[in-house]
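# Fold and geometry: a report
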Amino acid sequence: MRIAITGVAGFVGSNLTERLLERGDTVRGIDDLSHGTLENLGPLIHHPSFRLDQGTILDPVALQTAFSGAEVVVHLAAGKIPRHGDALDTLLINGEGGLNVLRAVRECGVRRMILASTSDCYGRNPNVPFNEESPSVIGSPKVRRWSYAVSKMFEEQALFAFRERYGIEGVALRLFGGYGPRQNITWWGGPQSVFIGAALRGEALEVHGTGQQTRSFTYIDDMVEGFVRAIDTPAANGEVLNIGIDREITIENLARMISKMIRPNEEPNVRLIPYETFGRYEDVERRIPDGSRSEAILGFRAGVNLEEGLPRAIEWQRGTMQRLGLL
Ligand SMILES: NC(=O)c1ccc[n+]([C@@H]2O[C@H](COP(=O)([O-])OP(=O)(O)OC[C@H]3O[C@@H](n4cnc5c(N)ncnc54)[C@H](O)[C@@H]3O)[C@@H](O)[C@H]2O)c1
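Described in the following lines is the structure provided in the data block. Computed from a predicted model, the values in this text were never measured in an experiment.

### A closer look at the overall build of the protein chain
A count of helices and strands for the protein chain gives 10 helices and 13 strands. Expressed as lengths along the three principal axes of its C-alpha atoms, the size of the protein chain is roughly 55 × 45 × 40 Å. Each of the 327 residues in the protein chain was classed as buried or not, and the buried ones make up 45%.

Here it is in structure tokens:
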């Protein structure tokens, strides 16, 4: 199959590309390398069935070139939750970029688009686990973290509007806390990347807020499996599907677990950082997916637990930080 991927040099994109090339697909990717790296793609760069365009999804011409001849587009390029800057990049990349991607999908005659959406769309809804019909409970417009959820919800709505009007097949996957090799090693990659880095360097693990907020961390192999099935399964057309493991852990316990894995003989050095440090912030207290709909439609449920996945993520990050001279 001929597949085009936006954000191909990122965490999900590079792992998904590897899997698709292994099974014989042709992959053409576009990435502006703002948060992904050529190193993530490694030897895949020279694979005869792979091609990388360095460009932005804010450029409609670049998208048309990248999508030409594709049967399926997987849209991964995104701005994430702005913790330290303003919300404009997130809104522009996901809003304007998302519409550009859909227009190019239509103009290039692409049959199906898979959108990487997020568990953040459930917002502050206190009723866990979340199924795909659970309401989105979004906080104050003055809190910039919600720009991410709102822009992803816009992309979901736009995907289904294009499906309705133009007959493009659409699938939105709501991803829950991915981790594993090739993840960005700064806060952009998520708390686990930051905790692993701090523990490897022997520094304090900085937990935002009380640390009692929970998340469900999903290993990259489970995420890639979700995308592959969303590409292949006809019945996924028109669906929003959770991709995530249904086990929650508090962020403080995640920090302790990582610390114990890296420094088994030391007491974890966890420091709580108040949210006020990065402006007005609202956190999500609990986040657990209900995986039954994705299991029914895609025939699969995420299953790699932290005890199995974290050591692999740690070893990859150790190697990467050593190579970059950070250890
Ligand atoms: N990883 C997770 O835990 C998670 C959770 C929920 C949702 N998601 C979503 O899944 C997708 C992939 O996430 P990821 O973790 O691989 O992120 P990532 O940041 O590692 O990868 C995204 C890639 O998109 C590229 N990119 C960003 N802006 C671009 C632009 N304007 N034009 C072209 N390329 C651009 C970046 O350089 C990067 O390589 C994103 O849409 C994200 O919102 C991820």
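### What to know about the site of the ligand
Taken together, 30 residues are adjacent to the ligand, and G7, G10, G36, A78 and G178 come closest. Listed by contribution, the elements that provide at least two residues to the shell around the ligand are α1 (11-22), β2 (26-31), α4 (88-107) and β5 (112-118). Residue contributions to the shell around the ligand peak at 3 residues, all from α1. When its residues are assigned to classes, the shell around the ligand shows 13 nonpolar, 14 polar and 3 charged.

### Describing the environment of V194
Summarising the element assignment, V194 is placed in helix α6 (residues 191-201). Of the residues examined, V194 has 20 C-beta atoms within 10 Å and is grouped as buried.

### Some thoughts on the sheet that holds strand β6 (residues 169-175)
Strand order in this open sheet of 7 strands is β3-β2-β1-β4-β5-β6-β11, and the pairing throughout is parallel. Where the open sheet ends on each side, the last strands, each with one partner, are β3 (50-54) and β11 (239-243). On average, each strand axis in the sheet is inclined to that of its neighbour by 20°, with strand direction left out of account. Across 4 bridges, the pairing between strand β4 (residues 72-75) and β5 is parallel. Counted as the bridge partner of V73 is M113 from β5. Contacts from α1 reach β1 (2-6), β2, β3, β4 and β5 within the one sheet, and its direction differs from that of β2 by about 165°. Sitting on the sheet, helix α5 (residues 146-166) touches β5, β6 and β11, and the angle it makes with β5 is about 160°.

### Comments concerning the packing of α1 against helix α7 (residues 220-232)
Two numbers describe how α1 lies on α7: the axes approach to 10 Å, and their chain directions differ by 65°. Note on packing geometry: the crossing formed by α1 with α7 is right-handed. Contacts between α1 and α7 involve V12, N15, L16 and R19 from the former and I220, M223, V224, F227 and V228 from the latter. Within the contact of α1 with α7, the residues separate by chemical class into 7 nonpolar, 1 polar and 1 charged.

### Side note on helix α3 (residues 60-67)
All of the buried residues in α3 are L63, A66 and F67. Mapping the buried residues of α3 onto a view down its axis gives an arc of 90°, with all of them on the same face. At its buried positions, α3 is contacted by β1, β2, β3, β4 and α4.

### A look at the packing of α3 against α4
Between α3 and α4, the shortest axis-to-axis distance is 9 Å and the interhelical angle comes to 45°. Considering their axes alone, α3 and α4 lie oblique with respect to each other. Helix-helix and strand crossings are classified by hand; for α3 and α4 the assignment is right-handed. Taken together, the residues of α4 that come into contact with α3 (itself represented by P60, L63, Q64 and F67) are N100, V101, R103, A104, V105 and E107. A per-class count over the contact of α3 with α4 returns 6 nonpolar, 2 polar and 2 charged.

### A few points about α4
Across its 20 residues, α4 extends 27 Å between first and last C-alpha, which sits within 8% of the 28 Å expected from 1.5 Å per residue. In the structure, α4 departs most strongly from a straight axis at G97, where the bend amounts to approximately 25°. Turning to α4, its buried residues are T90, I93, N94, G97, G98, N100, V101, L102, A104 and V105. Against the buried residues of α4 lie β1, α3, β4, β5 and α5. Phi for G109, located one or two positions after α4, is positive at around 70°.

The rules behind the values
Residues numbered from 1 in each chain as written. Predicted model: local features only at pLDDT ≥ 70, side-chain atom pairs only at ≥ 80, totals over all residues. Helix = DSSP H or I, 4+ residues; strand = E, 2+ residues; numbered from the N terminus. Buried ≥ 20, exposed ≤ 12 C-beta atoms within 10 Å, placed from the backbone. Near = placed C-beta within 6 Å. Nonpolar A, V, L, I, M, F, W, Y, C, P; charged D, E, K, R; others polar. Pairing = 2+ DSSP bridges. Axes fitted to C-alpha atoms, helices over the stretch in contact; angles between N-to-C directions. Contact = placed C-beta atoms within 7 Å. Left-handed = near helix turned anticlockwise from the far one by under 90°. Arc of directions from axis to C-beta. Parallel < 35°, antiparallel > 145°, perpendicular 65-115°, else oblique. Expected span 1.5 Å × (residues − 1). Bend = angle between axes of the 7 residues up to and from the residue.

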